[in-house]
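Structure at a glance
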Amino acid sequence: MKYRRLGKTDLKVSIVGVGTWQFGGEWGLTYTQAEADAILDQAAELGINLIDTAECYGDHLSESLIGNYLSRRNRENWIVATKFGHHFHDLFTRTDDFSSEDVVKQLDDSLKALQTDYIDLYQFHSGPDHLFDNDDLWTTLDKQVQSGKIRHLGTSIGSNANIHQTEASSKVNSKAIQVVYNRLDRAPEELVFPSCVNQDLGVLARVPLASGYLSGKYKPGAVFSNTDVRHRHDAESVKQKLEDVQRMQKEEVPEGMDMAKWALAWCLKHDAVTTVIPGCKNPEQVIANASATELISDNHPQAWKA
């Protein structure tokens, strides 16, 4: 495993992390604690130290599975990133609350679910600009940083071209941007990434496998169950993406190479990207994701210098 400094923080993060939206039950599977443990143990064995979760992956369900795991392991070995701003009600059903009062309650609920005294990276979760531009919210969060409940603040931008929230990061003491970035969606390269480099912000590339479409496993016409978030994706858009993937597989991926491995490494080679946080359904997918590091010779600007 290779490690990079997350922006202006002192966090040494593995360049491949573990995304855990799947633990919330919206990717067609439900998880037992033993299954979650197996995924995280495999990650630890491979040197992965970053877990990304959220308050609304289930009603703190993903956080609870992670917290139960952490309670039986060494918490200090992990960098835990979670988010705030949404309340989960049912599959694919959420309401927003970014008020400073409710966010403090969300933080305490996340700490309880995660069974920890602190969160390493606490991220504004894909909210609109007018709720982001709330000085009271960021003043309240800064007090939580001072109290030790949060080590660092971050922003998970909803639109991967949201330059407004990216540009305001340093002003609100947000030190990392989480953004959708993959070979099918390169929008951050135009404005967001240059701003991140200029401000020395860490970048967590989410959906680096384009919701699994870049795994190479799916062909045009693939059908997903109604408990899988992908069944909500526009059918024509999905068809186009899968046709693009077939073309990339033929024209860009070296012969004999696993496409997911290639796609993750493709993201990591951009100078702005600190880490990728793909989801993983089982330990075998963790191994496959981590193998992308074999394609990286790390002369990245944020490469960890011991």
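For the structure itself, consult the block above.
As a starting point, this report considers the structure included with it.

Reading guide: rules and limits
- Residues numbered from 1 in each chain as written.
- Predicted model: local features only at pLDDT ≥ 70, side-chain atom pairs only at ≥ 80, totals over all residues.
- Heavy atoms only, no water.
- Helix = DSSP H or I, 4+ residues; strand = E, 2+ residues; numbered from the N terminus.
- Rg over C-alpha atoms; globule rule 2.2 N^0.38 Å.
- Buried < 20%, exposed > 50% of the residue type's maximum accessible area, 1.4 Å probe, protein only.
- Pairing = 2+ DSSP bridges.
- Core = buried A, V, L, I, M, F, W, Y, C linked by side-chain atoms within 4.5 Å.
- Patch = residues over 30% accessible without salt bridge, like charges linked within 9 Å, V, L, I, M, F, W, Y side chains within 5 Å.
- Areas by Shrake-Rupley, 256 points an atom, 1.4 Å probe, with all protein chains shown as cover.
- Salt bridge = Lys/Arg side-chain N within 4 Å of Asp/Glu carboxyl O.
- Lys, Arg positive; Asp, Glu negative; His and termini not counted.
- Charge placed at Lys NZ, Arg CZ, Asp CG, Glu CD.
- Right-handed = clockwise from strand over helix to strand, strands pointing away.
- Arc of directions from axis to C-beta.
- Contact = heavy atoms within 4.5 Å.
- Polar contact = N/O pair within 3.5 Å; in protein donor to acceptor, adjacent residues only side chain to side chain.
- Phe/Tyr/Trp six-rings, centres within 6.5 Å; stacked < 30°, edge-to-face > 60°.

Looking only at helices and strands, the protein chain has 11 helices and 12 strands in total. Taken over C-alpha atoms, the radius of gyration comes to 18 Å for the protein chain, in line with the 19 Å a tight globule of 306 residues would show. Overall, the C-alpha framework of the protein chain stretches about 50 × 40 × 40 Å when taken along its three principal axes. The buried share of the protein chain, taken over its 306 residues, is 55%.

Ordered by their spatial adjacency, eight strands build an open sheet running β3-β4-β5-β8-β9-β10-β11-β12, and the pairing between neighbours is parallel. The sheet is open, and its two borders are formed by β3 (18-19) and β12 (275-276), each paired with just one other strand. When strand β10 (residues 174-180) meets strand β11 (residues 202-206), the two strands line up parallel, connected through five bridges. Of the residues in β11, the one forming a bridge with Ile177 is Val203.

As a further point, take the nonpolar core. Of all hydrophobic cores here, the largest spans 70 residues; its most connected members are Phe84, Tyr122, Trp138, Leu141, Phe193 and Leu214. Examining the composition of this core, we find that nine residues originate from one element, helix α10 (residues 259-268), more than from any other.

This next bit is on a negative patch on the surface. A contiguous patch of negative charge on the surface is contributed by Glu101, Asp133, Asp135 and Asp136. Along the chain, Asp136 falls in helix α5 (residues 135-147).

This part takes up the pairing of β11. For β11, the tally of buried residues reaches five of five residues, placing the bulk of the element in the interior. Burial along β11 is two-sided: Gly202, Leu204 and Arg206 and Val203 and Ala205, pointing in opposite directions, are all buried. In this fold, β10 hands off to helix α8 (residues 192-199), which returns the chain to β11; that crossover is right-handed. Pairing of β11 with β12 involves two bridges; the strand directions are parallel.

The next subject is the pairing of strand β7 (residues 93-96). With four bridges connecting them, strand β6 (residues 86-90) and β7 associate as antiparallel partners. By the bridge assignment for β7, His87 is matched with Thr95.

Burial in helix α11 (residues 283-290) covers these residues: Pro283, Val286, Asn289 and Ala290. The buried side chains of α11 occupy one side of the element, clustering within an arc of 115 degrees when seen end-on. The inward-facing, buried residues of α11 contact α1 (33-45) and α10. For α11, the capping residue at the N-terminal end is Asn282, with a side-chain oxygen 3.2 Å from the backbone nitrogen of Glu284.

Once that is clear, we can look at the environment of Ser237. Looking at where Ser237 falls in the secondary structure, it is placed in helix α9 (residues 235-251). Residue Ser237 is classed as partly exposed on the basis of its relative accessible area of 30%. Taking the C-alpha atoms as reference points, Ser237 and Gly25, separated by 212 residues in sequence, lie 24 Å from one another.

What the rule picks out here adds up to 15 salt bridges. Look at the salt bridges and you will find they share partners, linking Asp10, Arg75, Asp120 and Arg151 into a network.

With that out of the way, let us pick up the environment of Asn198. Structurally, Asn198 is set in helix α8. Residue classification places Asn198 among the exposed residues on the basis of a relative accessible area of 68%. Residues Asn198 and Glu167 lie 31 residues apart in sequence; the distance between their C-alpha atoms is 9.6 Å.

A complete count under the given rule lists 12 aromatic pairs for this structure. With a centroid separation of 4.8 Å and an interplanar angle of 75 degrees, the aromatic rings of Tyr181 and Phe193 are classed as edge-to-face. Highlighted residues: Tyr181 in the loop between β10 and α8 and Phe193 in helix α8, separated in sequence by 12 residues. Following the ring pairs from residue to residue traces out a cluster consisting of Phe84, Phe98, Tyr122, Phe124, Phe132 and Trp138.

Time to look at the side chain of His86. Mapped onto the fold, His86 is located in strand β6. By relative accessible area, His86 is classed as buried at 11%. Within polar-contact distance, the side chain of His86 engages the side chain of Asp96 at 2.7 Å. From its side chain, His86 meets the backbone oxygen of His125 in a polar contact 2.7 Å long. In contact with His86, other than residues within four places in its own chain, are Glu55, Cys56, Thr95, Asp96, Phe98, Gln106, His125 and Ser126.

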